[in-house]
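# Secondary and tertiary structure notes
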Amino acid sequence: MRNVLISGAGIGGPTLAYWLRRAGFSVTVVERSPGLREGGQAVDVRGVALDVVDRMRLGEQVRAVRTRMRGMSVVDGSGTELFHSEEQTHSSGRLDSPDVELVRDDLVSLLYRATEHDVEYVFDDSVTALQQDEHGVRVEFERGGFRTFDLVVGADGLHSAVRRLAFGPEERFAQHLGQYLAIFPAPNLLGLDNWQMWFRDGETGGAVYPVHDNAELRVTLGFASAPLSYDYRDVPAQKEIVAKQLAGAGWEVPRLLSEMVAAPHFYFDAMQQIHLDSWSTGRVTLLGDAGYCASPLSGQGTSLALVGAYVLADELARHDDHTAAFAAYETRLRPFVAANQALATKNPGGPAAEESVDRAKNAIRLT
């Protein structure tokens, strides 16, 4: 039985763990956070990614917690409505689509519950060193000690520690897309009833939408900027950046910024893509945002993680040699990744965008 370490308990990591256990692998998942990460925005499970969820027997549960948006409005800084639709939303596309939009932490919870009894989870720890030889990978951990695994998979996000240790510094692979995004929860102070509000005020913009039966809002605030220097683990400093960048913005932004101060969960990052010539080196490979982040601007990060996990597990089950498995994983997945990364850079808007999404979300077939 091959022994695999997965770094990251978000979406790709538990999905990979599920399929590897089905194939007879021994799996450990290490996660820096003390528990499952809460918060985040609504995410989409689209096209072939829905097939992955259905094959995991999670389709019914995923669809049961989907968002129930009735439509959206777009306003300017003065609150004047510029656009109104009861047929689509910017976050999920057409409301009559079979694709599923749900809150990220709901999906993470479902994936964890599907694997918690068969997979070893180690929370509040992280990988600090990797040493490979012909027999395995010696992994050192932040909390102390080391263990040896046959294979290591970095599913630890845009700022992947595994990628940094095995491939080099992040700046070698990151492409800045000119924007920053903040996401946090807030009380439903606008009284929204399954309705999205989007706003644009100069170089700033964002969205507000209710989740969990309208009990709370998820707020997304964004601004255009060249790369900024900041500590991506210093949340108070990040909130100061957002407050400064959106100071003077209209509509309900001042109230939303006030709620941001005490928000218990907060995400802030640059809109970036990750591009590597190879996703593997020796016995180490990458999955999801760690290897091929498309950025939230693509709307396909969740689907890339789900499909990537399925393909990687499938190829590892097919091949006794990990080198051949990793090569086959890349051959199958790269066209899918390229099509989805292009959504954020080539056709981000306009009449061609919907057709591009339809092509990208099904640009691969599962076996």
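Residues numbered from 1 in each chain as written. Predicted model: local features only at pLDDT ≥ 70, side-chain atom pairs only at ≥ 80, totals over all residues. Heavy atoms only, no water.

Glancing now at the overall build of the protein. Check the secondary structure of the protein and you find eleven helices and 20 strands. Structurally, the protein occupies a C-alpha span of about 65 × 40 × 35 Å along its principal axes. The buried share of the protein, reckoned over its 367 residues, is 54%. Taking as baseline every contact in the protein between residues at least 6 positions apart, the subset at least 24 positions apart corresponds to 69%. As displayed, the protein offers around 15900 Å² of accessible surface, 47% of which is attributable to carbon and sulfur atoms. (Helix = DSSP H or I, 4+ residues; strand = E, 2+ residues; numbered from the N terminus. Buried < 20%, exposed > 50% of the residue type's maximum accessible area, 1.4 Å probe, protein only. Contact = heavy atoms within 4.5 Å. Areas by Shrake-Rupley, 256 points an atom, 1.4 Å probe, with all protein chains shown as cover.)

Glancing now at the nonpolar core. Grouped together as the largest cluster of nonpolar side chains are 74 residues, with contacts concentrated most on Ile6, Leu16, Leu20, Val307 and Leu333. Sorting elements by how many residues they give to this core places helix H9 (residues 301–318) first, with ten residues. Leu16 has contacts with Ile6, Val153, Leu287, Ala309, Leu312 and Ala313, leaving out every residue within four places of it along the chain. Of all hydrophobic cores here, the second largest spans 27 residues; its members include Met197, Phe199, Leu256 and Phe266. (Core = buried A, V, L, I, M, F, W, Y, C linked by side-chain atoms within 4.5 Å.)

Moving on to unusual backbone geometry. Even without being glycine, Arg57 reaches a positive phi, approximately 60°. Mapped onto the fold, Arg57 is located in the loop between helix H2 (48–55) and helix H3 (59–64). The exposed category is assigned to Arg57, whose relative accessible area is 65%. Notably, Trp251 is not glycine yet its phi reads approximately 55°, a positive angle. Checked against the element boundaries, Trp251 lands in the loop between helix H6 (235–245) and helix H7 (253–261).

This part takes up H2. The complete set of buried residues in H2 reads Val48, Ala49, Leu50, Val52 and Val53. Following H2 by one or two positions, Arg57 adopts a phi angle in the positive range, close to 60°.

With that out of the way, let us pick up the sheet that holds strand E2 (residues 26–31). The six strands lie next to each other as E9-E2-E1-E13-E20-E19, forming an open sheet whose pairing is mixed. In this open sheet, the two strands that pair with only one neighbour each are strand E9 (120–123) and strand E19 (280–281). As paired elements, strand E1 (residues 3–7) and E2 share five bridges and run parallel to each other. Bridging across to E2, Val4 finds its partner in Val27. (Pairing = 2+ DSSP bridges.)

Tallied over the full model, the rule gives 16 salt bridges. A salt bridge links Arg218 to Glu216, with the shortest nitrogen-to-oxygen separation between them at 3.1 Å. For Arg218, a relative accessible area of 3% gives the class buried. Overlapping salt bridges bring together Asp314, Glu315, Arg318 and Arg332 as one network. (Salt bridge = Lys/Arg side-chain N within 4 Å of Asp/Glu carboxyl O.)

Let us look at the packing of aromatic side chains. On inspection of all chains with the given rule, the structure shows 14 aromatic pairs. Taking 6.1 Å as the distance between ring centres and 65° as the angle between the ring planes, the aromatic pair formed by Tyr112 and Phe123 counts as edge-to-face. Here Tyr112, found in helix H4 (residues 104–113), pairs with Phe123, found in strand E9; they are eleven residues apart in sequence, far enough to count as distant. With a centroid separation of 5.5 Å and 15° between ring planes, the pair formed by Tyr180 and Phe268 is classed as stacked. Taken together, the residues Tyr180 in strand E14 (residues 174–187) and Phe268 in strand E18 (residues 267–274) connect sequence positions 88 residues apart. Here Tyr180 and Phe268 have matching classes, each one buried. Among the aromatic residues, ring-to-ring pairing joins Tyr180, Phe223, Tyr230 and Phe268 into one connected group. (Phe/Tyr/Trp six-rings, centres within 6.5 Å; stacked < 30°, edge-to-face > 60°.)

This part is about the sheet that holds E14. Backbone-to-backbone hydrogen bonds pair the strands of a sheet. The strands run either parallel or antiparallel. Strand order in this open sheet of seven strands is E5-E4-E15-E16-E17-E14-E18, and the pairing throughout is mixed. Each end of this open sheet is capped by a strand with a single partner; those strands are strand E5 (81–85) and E18. With strand direction ignored, the average angle separating the axes of adjacent strands in the sheet is 20°. Across eight bridges, strand E16 (residues 204–211) lies against strand E17 (residues 216–224) in antiparallel orientation. For Thr204, the partnering residue across the bridge sits in E17 and is Phe223. (Axes fitted to C-alpha atoms, helices over the stretch in contact; angles between N-to-C directions.)

Mapped onto the elements of the fold, Arg365 is located in the segment after helix H11 (352–361). As for Arg365 and Pro296, which are separated by 69 residues in sequence, their C-alpha atoms are 23 Å apart.

Regular strands have side chains that alternate between both faces of the sheet. For E16, the tally of buried residues reaches eight of eight residues, placing the bulk of the element in the interior. Note: strand E15 (residues 195–201) against E16, five bridges, orientation antiparallel. In the strand pairing of E16, Phe199 is matched with Gly206. What sits between the antiparallel neighbours E15 and E16 is a turn of two residues, in which Gly202 has the positive phi angle 65°.

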